[in-house]
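So the chains spell out like this:
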Amino acid sequence: MTDPPEAAPSGLLVAPELLVATVAATGEAVFANDAWTAVFGGDGLWARLSEEDRRFAADYAAEAATGSLVAHQVFLVEREERPEPLPVLLHFLPVRLPESGGRCPVLVAGEVLQEPATWAAEQTRRRRMEMLGQMAMGIAHDFNNLLTAILGHAELLRTTLSSLPEEAQQQLRTLERAAGDGAALVRKIQQFIRHDRQERFEPVDAAALIDEVVTLTRPYWYNEPRRQGITLHLDTDLRPVPLIQGAPTELREVLVNLILNAVQAMPAGGTLTLRTRPDPVRGCIVEVQDTGMGMTETIRARIFEPLFTTKGERGTGMGLAVSHGIVQEHGGVIEVESRPGRGSLFRLVFPPAAPAREAAPAPDAPATKRRPARILVVDDEPMVRSVTARLLRLKGHTVEEADRGSEALIRLATDDAFDLLVTDLSMPGMSGRELAVLVRDRHPHLPILLVTGDTDAEAGTAEVDGVVKKPFKLDTLEEAIQQLIGRDR
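Just so we're clear, the structure is a prediction, and the values are computed from it rather than from any experiment.

Rules used throughout
- Residues numbered from 1 in each chain as written.
- Predicted model: local features only at pLDDT ≥ 70, side-chain atom pairs only at ≥ 80, totals over all residues.
- Heavy atoms only, no water.
- Helix = DSSP H or I, 4+ residues; strand = E, 2+ residues; numbered from the N terminus.
- Buried < 20%, exposed > 50% of the residue type's maximum accessible area, 1.4 Å probe, protein only.
- Contact = heavy atoms within 4.5 Å.
- Areas by Shrake-Rupley, 256 points an atom, 1.4 Å probe, with all protein chains shown as cover.
- Pairing = 2+ DSSP bridges.
- Axes fitted to C-alpha atoms, helices over the stretch in contact; angles between N-to-C directions.
- Phe/Tyr/Trp six-rings, centres within 6.5 Å; stacked < 30°, edge-to-face > 60°.
- Lys NZ or Arg CZ within 6 Å of the ring centre and 35° of its normal.
- Patch = residues over 30% accessible without salt bridge, like charges linked within 9 Å, V, L, I, M, F, W, Y side chains within 5 Å.
- Salt bridge = Lys/Arg side-chain N within 4 Å of Asp/Glu carboxyl O.
- Parallel < 35°, antiparallel > 145°, perpendicular 65-115°, else oblique.
- Left-handed = near helix turned anticlockwise from the far one by under 90°.
- Nonpolar A, V, L, I, M, F, W, Y, C, P; charged D, E, K, R; others polar.
- Polar contact = N/O pair within 3.5 Å; in protein donor to acceptor, adjacent residues only side chain to side chain.

A. Inspection of the overall build of the chain at higher detail. Along the backbone of the chain there are 13 helices and 18 strands. Burial statistics for the chain: of 489 residues in total, 43% are counted as buried. In the chain, 65% of the contacts between residues at least 6 apart in sequence involve partners at least 24 apart. Element-wise, carbon and sulfur atoms account for 54% of the exposed surface of the chain, whose accessible area totals about 26300 Å².

B. Summary view of the sheet that holds strand β8 (residues 232-238). Taken in spatial order, the five strands make up an open sheet running β8-β10-β11-β13-β12, and their pairing is mixed. The sheet terminates laterally at β8 and β12 (333-338), the two strands that pair on one side only. Strand-to-strand twist of the sheet, defined as the mean angle between neighbouring strand axes without regard to direction, takes the value 15°. Pairing of strand β10 (residues 270-279) with strand β11 (residues 283-290), which is carried by eight bridges, proceeds in the antiparallel orientation. Each residue of the ladder has a partner; that of Arg277, found in β11, is Ile285. Contacts between helix α5 (residues 206-216) and the sheet are confined to β8, β10 and β11, with β10 contributing the most and set at about 160° to the helix.

C. Broad picture of the pairing of β11. Of all the eight residues making up β11, seven are buried; the element is thus mostly covered by neighbouring parts of the structure. Adjacent in sequence and paired antiparallel, β10 and β11 are bridged by three residues. Across seven bridges, β11 lies against strand β13 (residues 344-350) in antiparallel orientation. If you follow Glu287 over to β13, its bridge partner there is Arg347.

D. Expanded view of the packing of aromatic side chains. Enumeration according to the criterion identifies ten aromatic pairs in this entry. Both rings, one in Tyr60 and one in Phe75, keep their centres 6.1 Å apart while their planes meet at 70°; by these two values the pair is edge-to-face. You can see Tyr60 sitting in helix α2 (residues 51-65) and its partner Phe75 sitting in strand β4 (residues 70-77), a full 15 residues away along the chain. Given the relative accessible area of 0%, Phe75 is considered buried. Just above the ring of Tyr222 sits the side chain of Arg218; from NZ or CZ to the centre is 4.1 Å. Here the guanidinium or amino end of Arg374 rests over the ring plane of Phe418, the centre of that ring lying 4.4 Å away.

E. Local environment of a nonpolar patch on the surface. On the surface, a nonpolar cluster with roughly 260 Å² of combined accessible area is contributed by Phe143, Leu146 and Met383. Within the secondary structure, Leu146 sits in helix α3 (residues 119-160). Assessed through its relative accessible area of 42%, Leu146 is described here as partly exposed.

F. Highlighting the sheet that holds strand β14 (residues 374-378). Ordered by their spatial adjacency, five strands build an open sheet running β15-β14-β16-β17-β18, and the pairing between neighbours is parallel. Lying at the two open borders of the sheet, with one neighbouring strand each, are β15 (398-402) and β18 (466-469). Recorded for the sheet is a direction-independent mean angle of 20° between the axes of neighbouring strands. Relative to strand β16 (residues 420-424), β14 runs parallel, the two being bridged by four bridges. Paired with Val378 across the two strands is Thr423, which belongs to β16. Helix α12 (residues 432-442) rests against β14, β16 and β17 (448-452) of the sheet, and its axis sits at about 155° to β16. On the sheet, helix α13 (residues 474-485) packs against β14, β16, β17 and β18 and is oriented at approximately 160° with respect to β17.

G. Layout of the environment of Phe350. In this structure, Phe350 sits in strand β13. Judged by its relative accessible area of 4%, Phe350 is buried. The contacts of Phe350, once residues within four sequence positions are left out, are Ile244, Leu251, Arg282, Gly283, Cys284, Val327, His330 and Gly332.

H. Broad picture of the pattern of salt bridges. One pass over the full model with this rule turns up 20 salt bridges. When the shortest N-O distance is used, the salt bridge between Glu224 and Arg227 registers 2.5 Å. Of the two residues, Glu224 and Arg227 both sit in helix α6 (residues 218-227), three residues apart, roughly one turn of that helix. Under the relative-accessibility criterion, Glu224 is labelled partly exposed at 29%. Arg393 is the partner of Glu401 in a salt bridge, and the nearest nitrogen-oxygen pair spans 3.6 Å. When its relative accessible area of 40% is taken as the criterion, Arg393 is described as partly exposed.

I. Spotlight on the side chain of Thr388. Mapped onto the secondary structure, Thr388 falls in helix α10 (residues 382-394). Once residues within four sequence positions are removed from consideration, Thr388 is found in contact with Val377, Phe472 and Leu477.

J. Representation of the packing of helix α11 (residues 405-414) against α12 within the structure. Here α11 crosses α12 at 15°, and the two axes come no closer than 10 Å. Accordingly, the angle class assigned to the pair α11 and α12 is roughly parallel. In this structure, α11 crosses over α12, and the sense of that crossing is right-handed. For the pair α11 and α12, contact is made by Gly405, Ala408, Leu409 and Leu412 and by Leu435, Leu438, Val439 and Arg442, respectively. Residue composition of the contact of α11 with α12, by class: six nonpolar, one polar and one charged.

K. How the structure looks around the environment of Gln289. Residue position: Gln289 is located in strand β11. Taking the relative accessible area as the measure of exposure, Gln289 reaches 26% and is therefore partly exposed. For the pair formed by Gln289 and Thr273, sequence separation is 16 residues and the distance between their alpha carbons is 5.1 Å. Discounting chain neighbours no more than four positions away, the residues touching Gln289 are Thr271, Leu272, Thr273, Arg275, Ser344 and Leu345. A polar contact is formed between the side chain of Gln289 and the side chain of Arg275, at a distance of 2.7 Å.

In structure tokens:
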């Protein structure tokens with residue numbers, strides 16, 4: 001390879017030779033030109049890449065083999081003569097041939113880049129963030145399964161133990177609400193990673209929302225302080241306020257975070273005050289006040305900065321930053337008043353929701369006659385599969401279980417009396433979508449209901465008849481089932 005030219009004004013240098021290699025549809029290297037060998041070496045296409053970059057290269061080649069173009073991917077090639085890795089820009093181009101069938105060979109072409117001093121470190125950070133995002137999506141999937149089990153068992157308790165005292169019933173309702181809020185927060189993480197935005201807002205009563213949050217956070221401001229011998233008083237002054245347009249789960253997240261921060265600011269006890277009041281000019285005012293340690297002006301000026309925390313290892317520095325972003329998404333502002341030793345006041349100001357238009361009364365929908373069904377439930381998580389089956393049996397359904405797609409196919413091949421297939425989406429070996437494709441081909445008249453915790457669950461679901469998000473309430477699942485078994489395909 002010839003030496004790269006002198007730096008261009010942009011600080012980017014491009015090597016004159018085009019790096020070219022071809023990869024078989026099965027992933028094996030077929031050819032590499034001299035320029036490629038000079039950069040990557042002759043012992044395999046990816047030998048001089050880090051283990052992480054080799055995984056990315058293999059994934060991109062596999063994606064291109066399915067017919068997708070993967071362009072503008074940067075890799076860092078380790079070179080003995082250089083203290084820093086050599087950046088290379090590559091494009092993975094599928095070569096569609098008439099005889100290639102479902103997969104095709106891949107042409108990999110690219111060029112060597114010469115970067116500013118900080119460029120390699122930025123690329124490493126970008127790759128790490130990408131890997132972190134993939135890990136977060138996996139954790140979100142597992143967390144949704146746990147929440148599904150929690151919510152399902154709470155419903156089982158409430159249904160089978162109807163004679164529980166009212167206090168126990170209230171605790172179960174709080175548990176169900178907390179599980180639902182947890183699922184909504186997981187969806188927010190998934191949306192953030194996928195760069196989605198919250199789109200569905202509804203009218204929210206801030207005073208009623210605070211009532212819910214008070215119950216939800218009672219262990220933090222009442223039980224735990226008293227266990228530690230600390231006296232913490234709660235005062236509420238919840239006046240009627242204009243409705244605000246927003247997402248209840250996200251607003252609850254803000255209030256919970258402010259209440260927990262206030263409790264932590266009063267390690268020796270004190271008074272937590274929650275207020276709502278209307279403002280004829282500004283709209284709805286919500287205040288969270290404590291009599292704790294307070295803040296200096298320097299700290300107060302930085303509390304909404306991401307990663308800034310005064311809690312040491314106990315804090316992430318993200319709670320107030322996220323809360324600030326949520327309030328801004330709702331068109332509101334957060335104001336803070338604080339002095340050392342005099343406590344802190346967080347004031348949330350939201351514009352009132354636009355008056356709702358009076359809709360014409362909808363005609364009464366004909367009542368759907370509920371009927372029991374014979375259902376095959378497929379899920380690789382025993383805890384989720386078991387609670388789903390138990391909930392459906394409460395509705396009178398006959399339920400059989402399978403722990404993988406291959407077992408479901410065997411059941412369906414030997415027993416054609418099922419009325420419905422309920423399958424998880426993310427399963428090892430065979431996903432719910434892959435199972436649906438095979439079932440639709442072999443059993444075209446069997447309705448298929450997909451159950452998933454993914455935010456993009458509706459994407460690519462042409463082979464299924466319905467989608468239910470995890471964690472689900474039994475009534476939601478039952479409604480979807482009745483719609484599917486009550487119609488003709």
